[in-house]
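# Report on the structure
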Amino acid sequence: MTTLLKEKVLEENRRVHALENQLYLSRHPEQTNFFQNSIVEKTLDQICRDMGSNSKILDLGCGTGYLFLRFLRRGFDVTGLDLSNEMIQVLRNSVSENEKDRAHLNVGDVEEFFEKNQEEFDLVVFSAVLHHLFDYEMVLKKACRRLKTGTKIMIFFEPLKQSVASSFSYAFHRGLSWIDEKFYRFEMSMRDIPLLEDEYHHSDYQRQFGGIDPRDIEKVLREENFSILNIEKYCARRFGINAWLANRILKTQNTFNILAVRG
Ligand SMILES: C[S@@+](CC[C@H](N)C(=O)[O-])C[C@H]1O[C@@H](n2cnc3c(N)ncnc32)[C@H](O)[C@@H]1O
């Protein structure tokens with residue numbers, strides 16, 4: 001039963017991301033709006049500050065290159081892995097000729113990557129991918145066990161499982177979310193970008209449980225001899241202005257990032 005479900009999650013991820021394809025980031029403006037962009041750049045500045053120019057980065061579930069391309073453009077050697085051939089193809093087309101020797105792209109399942117690949121990395125990135133996995137804790141453990149002392153793990157843009165703090169702020173949170181989604185649907189229809197919501201059955205599997213609790217990730221990381229350097233929780237929204245309002249005024253949260261280093 002478990003094996004069947006696991007296979008189903010993999011199959012659904014292949015199917016949905018084949019459809020997402022080159023419109024993935026257009027369909028997900030919550031990853032690219034000005035508010036999220038400032039979080040990405042600030043996070044990368046902090047991480048890259050301590051990394052030598054010949055550092056090697058592994059981006060697991062790299063998609064169309066949301067973080068992969070930014071690391072590549074900062075001069076690092078980047079290996080990307082994704083289950084979806086179509087997503088990798090979009091990323092391959094975005095790598096410029098003079099960056100190709102530092103960009104290594106693979107199609108495959110994260111769970112199997114460390115069994116087949118013996119390379120050492122200085123930073124391993126999981127961006128918006130753990131919630132797509134059937135057993136993210138097991139994948140994280142496998143990754144941790146393969147990494148050398150000093151290697152960092154960056155977990156980025158995962159849906160935060162949370163209890164509701166107060167019904168008052170929750171009501172505003174829901175209200176802002178409703179407005180954000182209405183405008184998003186309008187914009188997507190104006191741009192003729194089909195929404196794939198009805199296609200997401202099992203592919204973002206952990207959302208069925210309300211997202212991921214960062215304390216569960218912290219526990220795995222600490223057990224595997226990692227120290228937590230930073231945990232950031234914030235509210236992602238389709239539009240930057242709504243993300244700004246949610247974070248600065250309502251102070252609500254639905255997303256988290258974690259940075260940890262192997263001791
Ligand atoms: C929400 S997208 C995020 C893509 C990119 N990391 C980003 O932040 O934009 C999730 C990606 O994870 C990939 N994925 C899902 N399950 C995977 C698995 N088991 N192994 C490798 N990649 C997987 C999907 O194909 C998809 O490209």
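Look a little higher up for the structure.
A short tour of the structure in this document, coming up. Within every chain, residues take consecutive numbers counted from 1 along the sequence as written. The predicted origin of the model limits local features to residues at a pLDDT of at least 70 and limits the giving and counting of side-chain atom pairs to 80 or more, whereas totals for whole chains, interfaces and linings rest on all residues.

### Describing the overall build of the protein chain
If you tally the helices and strands in the protein chain, you get 10 helices and 7 strands. Taking 18 Å as the expected radius of gyration for a compact globule of 263 residues, we find that the protein chain reaches 18 Å, a close match to that expectation. For the protein chain, the spread of C-alpha atoms along the three principal axes comes to 50 × 45 × 40 Å. Split into buried and exposed, the 263 residues of the protein chain put 35% on the buried side. Note that contacts rest on C-beta atoms placed from the backbone: two residues are in contact if these are within 7 Å. In the protein chain, once contacts between residues fewer than 6 apart in sequence are set aside, the share between residues at least 24 apart is 79%. Every helix listed is a DSSP run of H or I at least four residues long, and every strand listed is a run of E at least two residues long, numbered separately from the N terminus. For the radius of gyration, the atoms used are the C-alpha atoms, and the globule rule reads 2.2 Å times the number of residues raised to 0.38. For the exposure call, what matters is how many other C-beta atoms sit within 10 Å of a residue's own: 20 or more marks it buried, 12 or fewer exposed, and in between partly exposed, using C-beta atoms placed from the backbone.

### Section: helix H3 (residues 34–49)
Expected span, for any helix, means 1.5 Å times one less than how many residues it has. Along its 16 residues, H3 runs 22 Å from first to last C-alpha, staying within 8% of the 22 Å computed at 1.5 Å per residue. Considered for burial, the residues of H3 that qualify are Phe35, Gln36 and Ile47. An end-on view of H3 places all buried positions within 100° of arc, on one side of the element. Exposed residues pointing more than 90 degrees away from the buried face of H3 are listed as Phe34, Asn37, Glu41, Lys42, Asp45 and Arg49. Buried-residue contacts for H3 involve strand E4 (123–127), strand E5 (152–159), helix H10 (240–250) and strand E7 (255–262). Throughout, the arc means that of the directions going from the helix axis to the C-beta atoms.

### A look at the nonpolar core
Counting 51 residues, the largest nonpolar core has Ile57, Leu60, Phe68, Val124, Val125, Met154 and Ile155 as the members making the most contacts within it. The residues contacting Phe68, other than those within four sequence positions of it, are Asp59, Cys62, Val78, Gly80 and Leu91. Among buried residues, those of type Ala, Val, Leu, Ile, Met, Phe, Trp, Tyr and Cys that are joined through C-beta atoms within 7 Å form a set called a nonpolar core. Residues Phe35, Leu176, Cys235 and Ala246 belong to the second largest nonpolar core, which totals 6 residues.

### Describing the packing of helix H8 (residues 167–190) against H10
Between two packed helices, both the angle of their axes relative to each other and the distance between the axes serve to describe the pair. Each axis is a line fitted through C-alpha atoms, taken for helices only over the stretch in contact, and angles between the N-to-C directions span 0 to 180 degrees. Between H8 and H10, the shortest axis-to-axis distance is 10 Å and the interhelical angle comes to 170°. Here H10 runs roughly antiparallel to H8, going by the angle between their axes. Touching Ser169, Phe172, His173, Leu176, Ile179 and Asp180 of H8 are Asn242, Leu245, Ala246 and Leu250, all from H10. Under the scheme applied here, ten amino acids are nonpolar (Ala, Val, Leu, Ile, Met, Phe, Trp, Tyr, Cys and Pro), four are charged (Asp, Glu, Lys and Arg), and all others, including Gly, are polar. Grouping the amino acids of the contact of H8 with H10 by side-chain chemistry returns 6 nonpolar, 3 polar and 1 charged. Each angle gets one of four labels, with under 35 degrees taken as roughly parallel, over 145 as roughly antiparallel, 65 to 115 as roughly perpendicular, and the rest as oblique.

### Quick word on the sheet that holds strand E6 (residues 226–234)
Taken together, 7 strands build an open sheet; the order of strands is E3-E2-E1-E4-E5-E7-E6 and the sheet is mixed. The strands lining the two open edges of the sheet, one partner per strand, are strand E3 (103–107) and E6. Direction aside, neighbouring strands of the sheet carry axes that sit 15° apart on average. Looking at chain direction, E5 and E7 are connected through 6 bridges and run antiparallel. Directly across from Ile153, in E7, lies its bridge partner Ala260. Between any two strands, pairing holds if DSSP finds at least two bridges.

### Notes on the packing of helix H7 (residues 136–146) against helix H9 (residues 214–223)
In contact at an axis separation of 10 Å, H7 and H9 are set at 30° when each is read in the N-to-C sense. Judged by the angle between their axes, H7 and H9 are roughly parallel. Judged by the sense of rotation from one axis to the other, the crossing of H7 with H9 is right-handed. Where H7 abuts H9, its residues Glu137, Leu140, Lys141 and Cys144 lie against Asp216, Ile217, Val220 and Leu221. When grouped by side-chain class, the residues that make up the contact of H7 with H9 number 5 nonpolar, no polar and 3 charged. Each crossing gets its hand from how the near helix is turned against the far one by less than a right angle, where anticlockwise is left-handed and clockwise is right-handed.

### Thoughts on the site of the ligand
Nearness here is judged by the C-beta atom: place it from the backbone, and if it falls within 6 Å of a molecule or strand, the residue counts as near that partner. Taken together, the neighbourhood of the ligand is formed by 21 residues, with Gly61, Gly63, Tyr66, Leu83 and Ser127 sitting nearest. Counting residues per element, the ones that place at least two in the shell around the ligand are helix H1 (2–20) and strand E2 (77–82). Of the residues forming the shell around the ligand, the biggest block, 3 residues, is contributed by H1. Looking at the shell around the ligand, its residues break down into 11 nonpolar, 8 polar and 2 charged.

### Structural notes on H8
Counted at 1.5 Å a residue, the expected span for H8 with its 24 residues is 34 Å, and the 34 Å between its end C-alpha atoms agrees. Taken together, the buried positions of H8 are His173, Leu176 and Asp180. Here the buried face of H8 lies against H10. Directly beyond the C-terminal end of H8, a positive phi value near 60° is found at Asp192.

### Overview of the pairing of E7
Of the pairings in the sheet, the one linking E6 to E7 comprises 8 bridges and is antiparallel in character. The residue of E7 that forms the bridge with Ile231 is Ile258.

Worth remembering: the numbers are spatial, not functional.
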